[in-house]
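Listed below, chain by chain, are the residues.
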Amino acid sequence: MDTKSLVKIAKALSDPNRLRILQEISQAPQVACADLFDVAPVSQPSMSHHVKALVEAGLVESRKEGRCVHYSVNPEKLQELESFLGMLKAK
C-alpha cells in the first residue's frame with residue numbers, strides 16, 4: 001500500500017460519522033444511501049461529503065440504480081489496510 005493511499009484512508013477514517021457510516025455499510029452486502037441517515041443524523045450535503053470521502057479513499061464502492069445509490073465495502077482495499085497494519089504489528 002502506497003503512502004498516498006494510506007493517508008487518504010486515514011483521513012477518511014478520522015471522522016466519527018464516517019466510521020459509523022462504514023460500519024453500517026459493512027453490515028450488509030449493499031446499503032442504500034437513504035438508509036445511512038439513521039446511523040449518522042447529518043444533512044444530505046454532509047452525508048454526500050462523508051460518503052464521497054470513503055469512496056475516494058477506496059474503502060467503499062458505489063453503484064447507481066435509478067435515482068438511488070447503493071454502497072458496499074471494497075474488500076480488496078480493506079485487505080490491503082489489514083496487511084499494512086499487520087506488517088506494523090509484526091515488526
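Below or above, wherever it landed, is the structure these notes cover. Model, not experiment: these values are computed from the prediction. (Residues numbered from 1 in each chain as written. Predicted model: local features only at pLDDT ≥ 70, side-chain atom pairs only at ≥ 80, totals over all residues. Heavy atoms only, no water.)

### Details of helix α4 (residues 75-90)
Stage number 1. With 16 residues, α4 extends 22 Å from end C-alpha to end C-alpha; this agrees with the ideal 22 Å at 1.5 Å per step.
Stage number 2. Two to three positions downstream of the cap, the backbone nitrogen of Glu-76 sits 3.1 Å from a side-chain oxygen, assigning the N-cap of α4 to Asn-74. (Helix = DSSP H or I, 4+ residues; strand = E, 2+ residues; numbered from the N terminus. Expected span 1.5 Å × (residues − 1). Polar contact = N/O pair within 3.5 Å; in protein donor to acceptor, adjacent residues only side chain to side chain.)

### With respect to the sheet that holds strand β3 (residues 68-73)
Stage number 1. Across the sheet, three strands lie side by side as β1-β3-β2; this open sheet has antiparallel pairing. If you trace the sheet from one side to the other, it starts and ends with β1 (31-32) and β2 (60-65), each paired once.
Stage number 2. Note that β2 and β3 share six bridges and pair antiparallel. Counterpart to Ser-62 in the pairing with β3 is Tyr-71. (Pairing = 2+ DSSP bridges.)

### Things to note about the environment of His-70
Stage number 1. Within the element layout of this structure, His-70 appears in strand β3.
Stage number 2. What His-70 contacts, discounting residues up to four positions off in sequence, is Gln-30, Val-31, Ala-32, Glu-61, Ser-62, Arg-63 and Glu-65. (Contact = heavy atoms within 4.5 Å.)

### Regarding the nonpolar core
Stage number 1. In terms of nonpolar packing, the biggest core is built from 18 residues, with Ile-21, Ile-25, Leu-36 and Leu-59 touching the most fellow members.
Stage number 2. Residue contacts for Leu-36: discarding those within four places in its chain leaves Ile-21, Glu-24, Ile-25, Val-31, Met-47, Val-51 and Tyr-71. (Core = buried A, V, L, I, M, F, W, Y, C linked by side-chain atoms within 4.5 Å. Buried < 20%, exposed > 50% of the residue type's maximum accessible area, 1.4 Å probe, protein only.)

### Here we look at the packing of helix α2 (residues 16-26) against helix α3 (residues 44-56)
Relative orientation and spacing of two packed helices are given, respectively, by the angle between their axes and the distance between those axes.
Stage number 1. Running from N to C, α2 and α3 point in directions that differ by 70°, and their axes come no closer than 10 Å. The orientation of α2 relative to α3 falls into the category roughly perpendicular. Across the interface between the two elements, Asn-17, Arg-18, Ile-21 and Leu-22 from α2 touch Met-47, His-49, His-50, Val-51, Ala-53 and Leu-54 from α3.
Stage number 2. By residue class, the composition of the contact of α2 with α3 is six nonpolar, three polar and one charged. (Axes fitted to C-alpha atoms, helices over the stretch in contact; angles between N-to-C directions. Parallel < 35°, antiparallel > 145°, perpendicular 65-115°, else oblique. Nonpolar A, V, L, I, M, F, W, Y, C, P; charged D, E, K, R; others polar.)

### A short note on the pairing of β3
Stage number 1. In the sheet, β1 pairs with β3 via two bridges, with the strands oriented antiparallel. Bridge pairing in β3 places Ala-32 opposite His-70.
Stage number 2. Joining the antiparallel neighbours β2 and β3 is a turn of two residues, in which Gly-66 adopts a positive phi near 70°.

### Some remarks on helix α1 (residues 3-13)
Stage number 1. Residues of α1 that are buried: Ser-5, Ile-9 and Ala-12. For α1, the angular spread of the buried residues around the axis is 65°, confining them to a single face. Those residues of α1 that are exposed and angled more than 90 degrees off the buried face are Thr-3, Lys-4 and Lys-11.
Stage number 2. Turning to α1, the residues buried within the fold contact α2, α3 and α4. (Arc of directions from axis to C-beta.)

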